[in-house]
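This is what each chain is made of:
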Amino acid sequence: ARYRPPLACADMASTYMRVMSRLDRSVGLRVFRIFRRRLRAWAGATAPSIDCRLLPQHEVMAFCADPALELVPSKVRAAYSRGDLCVGAFQQGKLAGYCWFALTPTPHLDGAWLDFPEHVVYTYKSYVRPAFRGRGIAAALYGSADAHFLERGRTHAVLCVETHNEPSIV
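Residues numbered from 1 in each chain as written. Predicted model: local features only at pLDDT ≥ 70, side-chain atom pairs only at ≥ 80, totals over all residues. Heavy atoms only, no water.

Visitor: Outline the overall build of the protein, supporting the account with residue identities and numerical values.
Guide: Helix and strand counts for the protein stand at 6 helices and 8 strands. Starting at the N terminus and ending at the C terminus, the protein contains elements arranged as α-β-β-α-α-β-β-β-β-β-α-α-β-α. Within the protein, the proportion of its 170 residues that are buried is 35%. The long-range fraction of contacts in the protein, counting pairs at least 24 apart against all pairs at least 6 apart in sequence, stands at 67%. Working note: accessible area of the protein is about 10300 Å², and carbon and sulfur atoms make up 58% of it. (Helix = DSSP H or I, 4+ residues; strand = E, 2+ residues; numbered from the N terminus. Buried < 20%, exposed > 50% of the residue type's maximum accessible area, 1.4 Å probe, protein only. Contact = heavy atoms within 4.5 Å. Areas by Shrake-Rupley, 256 points an atom, 1.4 Å probe, with all protein chains shown as cover.)

Visitor: Please give an account of helix H3 (residues 73–82) that cites residues and values.
Guide: Within the sequence span of H3, burial applies to Val76, Ala79 and Tyr80. Projected down its long axis, H3 carries its buried residues within an arc of 95°, all on one side. Those residues of H3 that are exposed and angled more than 90 degrees off the buried face are Lys75 and Ser81. Looking at the packing, one finds that the buried side of H3 touches strand S2 (51–55), helix H2 (57–63), strand S3 (85–91), strand S4 (94–102) and strand S7 (120–128). (Arc of directions from axis to C-beta.)

Visitor: Go over the confidence of the model for the protein, please, and point to the residues and values.
Guide: Across the protein, the average pLDDT comes to 85, with 79% of residues at or above 70. Across the protein, the secondary-structure element scoring lowest on mean pLDDT is helix H6 (residues 166–169), at 63, and the one scoring highest is H2, at 98. (pLDDT = per-residue confidence, 0-100.)

Visitor: Please provide a residue-by-residue account of unusual backbone geometry, values included.
Guide: For Gln92, which is not glycine, the phi torsion reads 50° and is therefore positive. Residue position: Gln92 is located in the loop between S3 and S4. Residue class for Gln92 comes out exposed when judged on its relative accessible area of 82%. Positive phi is not limited to glycine here, since Lys125 has a value of about 45°.

Visitor: Kindly report on the pairing of strand S8 (residues 156–162), identifying the contributing residues and their values.
Guide: With 6 of 7 residues buried, S8 lies mostly within the body of the structure. The pairing of strand S1 (residues 32–38) with S8 spans 7 bridges and is classified as antiparallel. What sits directly across from Arg37, in S8, is Ala157. (Pairing = 2+ DSSP bridges.)

Visitor: Explain the sheet that holds S4 to me, and be specific about the residues and the numbers.
Guide: The strand order across the open sheet formed by 6 strands is S1-S8-S7-S4-S3-S2, and the pairing between neighbours is mixed. In this open sheet, the two strands that pair with only one neighbour each are S1 and S2. Along the sheet, successive strands turn relative to each other by an average axial angle of 30°, direction set aside. Across 5 bridges, S2 lies against S3 in antiparallel orientation. In the sheet register, Cys52 faces S3, and the bridge partner there is Ala89. (Axes fitted to C-alpha atoms, helices over the stretch in contact; angles between N-to-C directions.)

Visitor: How would you sum up the pattern of salt bridges? Please name residues and give values.
Guide: In total, this model carries 7 salt bridges according to the counting rule given. Across the pair Arg129 and Asp66 runs a salt bridge whose closest N-O atoms are separated by 3.1 Å. Here Asp66 lies in the loop between H2 and H3 and Arg129 lies in the loop between S7 and helix H4 (137–144), a separation of 63 residues in the sequence. On the basis of relative accessible area, Arg129 is assigned to the buried category, the value being 13%. Accessibility expressed as a relative area gives 24% for Asp66, which makes it partly exposed. Between Asp84 and Arg82 there is a salt bridge, and its shortest N-O distance comes to 2.9 Å. A single network of salt bridges, built from pairs that share partners, joins Arg37, Arg40 and Asp146. (Salt bridge = Lys/Arg side-chain N within 4 Å of Asp/Glu carboxyl O.)

Listed below in structure tokens is the structure:
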């Protein structure tokens, strides 16, 4: 047998991403990491020159016109009707990204619903435009609404990330 050196970390990560993507497509298998964090009073965005704020439904509906944002009008209406909230991150008036928060059971994937205790807020559907990635915007979005949820008796947030979505995990 011929000697093959062990895979470098980057090669293993790439292989893992390919295998997990193939498993998702072929048999519908998805593996998630669940992150939990304690909510804290929020002092402002951690990403430089980023302004995060809660978005009203009419503003998110207008963003549905941009296909790059992956916002579907019927899903936006359904989210707001359940009481979900959307936070947007802006830089110089341009939407850099957004994130959704749920306080009640929420559809997840493939018809499954996610339920969680009353002290938890579920963080889902986070998106940062490619030009803005790597600047801490997702973290700023996650924490920007903490004070809002603390006032409503929530103490923790949970987030589900597919295990092969390395940029969202790091």
